[in-house]
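Structural features, examined
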Amino acid sequence: MFFVDTIELEGLGNRSYLAGGERTAVAVDPPRDIDTVLAAAARRGVRISTVVETHVHNDYVTGGLELARITGAAYLVPAGARVSFARTPVADGDTARVDTDLTLTAVATPGHTPHHTAYVLNEDGRPVAAFTGGSLLIGTVGRPDLVEPRLTEELARAQHASARRLAEGLPDETAVLPTHGFGSFCSSAQADGDSTTIGKEKASNAALSVDVDTFVADLLAGLEDVPAYYTHMGPANAAGGAPVDLTPPAVAAPDEIAARLAAGEWVVDLRNRIAFAEGHVAGSFNFEVDGKLATYLAWMIPWGKPVTLLAESPEQIADAQRELVRVGIDRPAAAATGGPDRWLREGERPVSFPRSTFAGLAGLAGQDADRIVVLDVRRDSERAAGWIEGSVHIPIHQLHQRLGEVPDGTVWVHCAGGMRAGIAASLLDAAGRDVVAVDDGFDAAADAGLTVATS
């Protein structure tokens, strides 16, 4: 009997896998913090004999090279990938033994990248699962625009062909196990559900149900901004991800926190947005450790800028470090735990800003409209489905560079649910603006009596 264990990377919206039999296993698209994979293997009592990459990743730093080094495993990387380290190049049709009666077959699936390769897991020669990386996802496919703009349409067409090759070559009951699609911006759309098969995808995936021209036109029309940090991930992976250091950072005293803020460094408060709004260090930014910390912090911070972490507990600091090394933010400059009373110098007081709801915003009707600014920080596609009439739109990942475009007045900032509004409110507060964080679901806007425009 074989097993497949899923290793969730919830902050990045990705999955890695460990699959094997009684004695040995393969690790697929492992994260940089390889201790998670080693722990999974230890629980199964198996040795990792093979490590495979479906492609050179654009959204996180792989741990594949280090995992292969530590375990002595063969490191399989698509032959067409331009990398600078020793590996076992794999081409279409190549096979590798995983365990007794358990093999992998490489299937060329260009589209997400030119060299993308899926791996079919076979038991006794029968396909049982396909590790599809960024090719065939749950209800969608991986983005084709992360390599080079000139290749985007060509790769979109290749993505259509690759998805169909997998669907036509595998039994309907074959499990489809993608790396992307669970919140990752490497996916062209978000997954509907968390498991699927070839048969289910034939019934629901546009790549398998519409002609190539329609598929490409729709795919390209739906692409959104690429996270800024992606530009650093490909080169890091082509060079080979370096080992990580997850030891605790140096402890920052109040004087050091103040000095780092004065120097223009980023001081990031990892507490939940409610606690942050109630009291925080002036000038600090709020990125909740339980939110999409790695994605949004890495997207927004000037690359290489030192970051100091503030948190309620050492556990929050450790969780944040793990998230951040996955996207190449290796070592915090410093860290401190507790609360504002332990982070501020003697005589200083925490600052705060109010939180409200869409009903609270609607209750301002009739007041001085010139003093109220409604700021929408959702993505373009979210806003296209409906927006509050008269609101200003600046997507969250652009706000730090566009603060000067926010009109004068008290800024009521909202997103779709509250997390991004919390980030935005912290940026505005640090810039000295009067801000109210709307901590509410956008569906409540119309119910509260606000005019929601759709065209």
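In this report, we go over the structure that sits alongside the text.

**So, the side chain of S187**
Inspection of the secondary structure assignment puts S187 in the loop between strand 11 (175–178) and helix 4 (198–204). The buried category is assigned to S187, whose relative accessible area is 5%. Those residues in contact with S187, other than ones at most four positions away along the chain, are L137, T140, V141, G142, R143 and G181.

**Focus on helix 3 (residues 152–169)**
Compared with the 26 Å implied by 1.5 Å per residue over 18 residues, the 25 Å span of helix 3 between its first and last C-alpha is a close match. Of all the residues in helix 3, the buried ones are T152, L155, A156, Q159, H160, S162, A163, L166 and A167. All buried residues of helix 3 fall inside an arc of 165 degrees around its axis, so they share one side. Opposite the buried face of helix 3, by more than 90 degrees, sit the exposed residues E154, E168 and G169. Elements that come into contact with the buried residues of helix 3 comprise strand 8 (102–108), strand 9 (117–123), strand 10 (126–133), helix 4 and helix 5 (212–221).

**A look at the nonpolar core**
Ranked by internal contacts, the top residues of the largest apolar core, which has 54 residues, are L270, F287, L309, L375, L399 and V413. The dominant element in this core, judged by the number of residues it contributes, is helix 9 (residues 293–300), at seven residues. Leaving out residues up to four positions away in the same chain, L399 has contacts with L375, V377, I394, V406, A424 and L427. Membership of the second largest hydrophobic core comes to 21 residues, among which are L18, A27, L67 and A81.

**Quick word on the packing of helix 9 against helix 10 (residues 314–325)**
Each pair of packed helices gets described by two things: the angle between the helix axes and the distance between those axes. Contact geometry for helix 9 and helix 10: axes closest at 9 Å, N-to-C directions at 60 degrees. Considering how the two elements wind past one another, helix 9 and helix 10 form a crossing that is right-handed. On the side of helix 9, the interface is formed by L293, A294 and L297, while helix 10 contributes A320, E323 and L324. Here the residues of the contact of helix 9 with helix 10 are counted per class, giving five nonpolar, no polar and one charged.

**With respect to the pattern of salt bridges**
Following the criterion strictly, the structure yields 29 salt bridges and no others. Between R157 and D213 there is a salt bridge, with the nearest N and O atoms lying 3.0 Å from each other. Here D213 lies in helix 5 and R157 lies in helix 3, a separation of 56 residues in the sequence. Looking at R157, the relative accessible area reads 33%, which means it is partly exposed. A salt bridge links D172 to K202, with the shortest nitrogen-to-oxygen separation between them at 2.8 Å. Taken together, the residues span a long stretch of sequence, with D172 in the loop between helix 3 and strand 11 and K202 in helix 4 at a distance of 30 residues. By relative accessible area, D172 is classed as partly exposed at 41%. With relative accessibility at 37%, the residue K202 sits in the partly exposed group. Each member of the salt-bridge network shares a partner with another, and the members are D33, D35, R322, E323 and R326.

**Considerations on the side chain of T140**
The residue T140 is located in the loop between strand 10 and helix 3 in this model. Those residues within four positions of T140 in sequence are excluded, and the remaining contacts are S135, S187, S188, A189, E201 and N205.

**Quick look at the sheet that holds strand 15 (residues 334–337)**
With parallel pairing, four strands are arranged side by side in an open sheet as 13-12-14-15. A single partner strand is all that each edge strand has here, and the edge strands are strand 13 (285–286) and strand 15. Here strand 12 (residues 266–269) pairs with strand 13 via two bridges, running parallel. In the strand pairing of strand 13, D269 is matched with N286. Across the sheet, helix 10 lies against strand 14 (307–311) and strand 15, angled at about 140 degrees from strand 14, the strand it touches most.

**Comments concerning the pairing of strand 17 (residues 372–376)**
Two faces make up the sheet, and in a regular strand the side chains alternate between them. In terms of burial, strand 17 is largely enclosed, as four of its five residues are buried. Sheet topology note: the strand 17/strand 20 (residues 410–414) ladder contains five bridges and is parallel. Bridge assignment links V374 to a residue of strand 20, and that residue is W412. When strand 17 meets strand 19 (residues 392–393), the two strands line up parallel, connected through two bridges.

**Description of the sheet that holds strand 2 (residues 14–20)**
Reading across the sheet, the six strands line up as 1-2-3-4-5-6 and stay open at both edges, with mixed pairing between neighbours. Here the strands that pair on one side only, and so sit at the sheet edges, are strand 1 (3–9) and strand 6 (88–90). With direction set aside, neighbouring strand axes in the sheet form an average angle of 25 degrees. Alignment of strand 5 (residues 74–78) against strand 6, held across three bridges, turns out to be parallel. Counted as the bridge partner of P78 is V90 from strand 6. Taken strand by strand, helix 2 (residues 64–71) contacts strand 3 (24–28), strand 4 (47–52) and strand 5, and its axis lies near 150 degrees from that of strand 4.

**Here we look at the packing of aromatic side chains**
For the structure shown, the criterion picks out nine aromatic pairs. Between Y17 and F131 the ring centres are 5.5 Å apart and the planes differ by 50 degrees, which places this aromatic pair in the tilted class. Of this pair, Y17 sits in strand 2 while F131 sits in strand 10, and the two are 114 residues apart along the sequence. Using a relative accessible area of 1% as the deciding quantity, one classes Y17 as buried. When the centroid spacing of 5.1 Å and the interplanar angle of 80 degrees are considered together, the rings of F185 and W299 count as edge-to-face. Placement of the pair is F185 in the loop between strand 11 and helix 4 and W299 in helix 9, with a sequence separation of 114 residues. Residue class for W299 comes out buried when judged on its relative accessible area of 6%. These aromatic residues form a ring-pair network of at least three members: F185, Y296 and W299. For the cation-ring pair, R15 lies above F182, with the distance from its terminal atom to the ring centre recorded as 3.9 Å. Just above the ring of F442 sits the side chain of R378; from NZ or CZ to the centre is 4.0 Å.

Criteria and cut-off values
Residues numbered from 1 in each chain as written. Predicted model: local features only at pLDDT ≥ 70, side-chain atom pairs only at ≥ 80, totals over all residues. Heavy atoms only, no water. Helix = DSSP H or I, 4+ residues; strand = E, 2+ residues; numbered from the N terminus. Buried < 20%, exposed > 50% of the residue type's maximum accessible area, 1.4 Å probe, protein only. Contact = heavy atoms within 4.5 Å. Expected span 1.5 Å × (residues − 1). Arc of directions from axis to C-beta. Core = buried A, V, L, I, M, F, W, Y, C linked by side-chain atoms within 4.5 Å. Axes fitted to C-alpha atoms, helices over the stretch in contact; angles between N-to-C directions. Left-handed = near helix turned anticlockwise from the far one by under 90°. Nonpolar A, V, L, I, M, F, W, Y, C, P; charged D, E, K, R; others polar. Salt bridge = Lys/Arg side-chain N within 4 Å of Asp/Glu carboxyl O. Pairing = 2+ DSSP bridges. Phe/Tyr/Trp six-rings, centres within 6.5 Å; stacked < 30°, edge-to-face > 60°. Lys NZ or Arg CZ within 6 Å of the ring centre and 35° of its normal.

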